[in-house]
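Read off the chains here:
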Amino acid sequence: MSKSKKTLWQVLKFALFSASAGLIQVASFTLFNEVFHWSYWAAYLPSLVLSVLWNFTFNRRYTFRSDASVARSMLLVALFSPWPALSIAGFGVVG
C-alpha cells in the first residue's frame, strides 16, 4: 500500500474511533443521568473518562500501532483524564 493510502486509512480510523468515543460518552452519560439519576457532573465525569480511555486505547493500538508500554500509558491517561472535567466543573480553578 502506498504511503498516501496508509495515511488516508490512518486518518479514517482515527476519525471513526474518535466518533465512537463520542457515542460512548453520550450513551454512558445518558445511562448515568437518566437511568441512575446521577447529577449532571457526577454523570459527566465518568462518561468523559470512559470516552477518553476508549479513544486513547483504540487509536493507540489500531490507528498508530504504538509499541510502548500499554500498562504505563493507560495508567497515565487514567491519572490525567479527569482533570479537564474537574476544571470545567469549577474544582481547582483559580480566578
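Below: a short report on this structure. (Residues numbered from 1 in each chain as written. Predicted model: local features only at pLDDT ≥ 70, side-chain atom pairs only at ≥ 80, totals over all residues. Heavy atoms only, no water.)

**Topic: helix 1 (residues 3-35)**
Spelled out, the test is: Counting from the N terminus, the helices are the DSSP runs of H or I reaching at least four residues and the strands are the DSSP runs of E reaching at least two. Working rule for helices: expected span equals 1.5 Å times residues minus one. Only protein chains enter the calculation, and the probe is 1.4 Å; a residue is then buried if its accessible area is under 20% of its type maximum, exposed if over 50%, and partly exposed in between. Here, residues are in contact when the closest pair of their heavy atoms is within 4.5 Å.
Taking 1.5 Å as the rise per residue, helix 1 with 33 residues should run 48 Å; its terminal C-alpha atoms sit 47 Å apart, in good agreement. Burial in helix 1 covers these residues: Lys13, Phe17, Ser20, Ala21, Ser28, Phe32 and Asn33. Residues of helix 1 that are buried sit in contact with helix 2 (40-63). The positive-phi residue at the C-terminal boundary of helix 1 is His37, with phi of around 60 degrees.

**Quick word on helix 2**
For an α-helix the count is 3.6 residues per turn, leaving residues at separations of three or four pointing the same way. If you check helix 2, its first and last C-alpha atoms are 32 Å apart, about what 24 residues at 1.5 Å a residue would give, namely 34 Å. Residues of helix 2 that are buried: Ala43, Tyr44, Ser47, Leu48, Val49, Ser51, Asn59, Arg60 and Thr63.

**Some details on a nonpolar patch on the surface**
Applicable threshold: Each patch is built from salt-bridge-free residues with over 30% relative accessible area, joining like charges within 9 Å and nonpolar side chains (Val, Leu, Ile, Met, Phe, Trp, Tyr) within 5 Å. Here, Shrake-Rupley sampling with a 1.4 Å probe gives the accessible areas, and only protein chains in the shown set may cover a residue. Here, a salt bridge means any side-chain nitrogen of Lys or Arg that lies within 4 Å of a carboxyl oxygen of Asp or Glu.
Together, Met1, Trp9, Leu12 and Leu16 make up an exposed nonpolar region whose accessible area comes to about 470 Å². Along the chain, Leu12 turns up in helix 1. The class of Leu12 is partly exposed, set by a relative accessible area of 41%.

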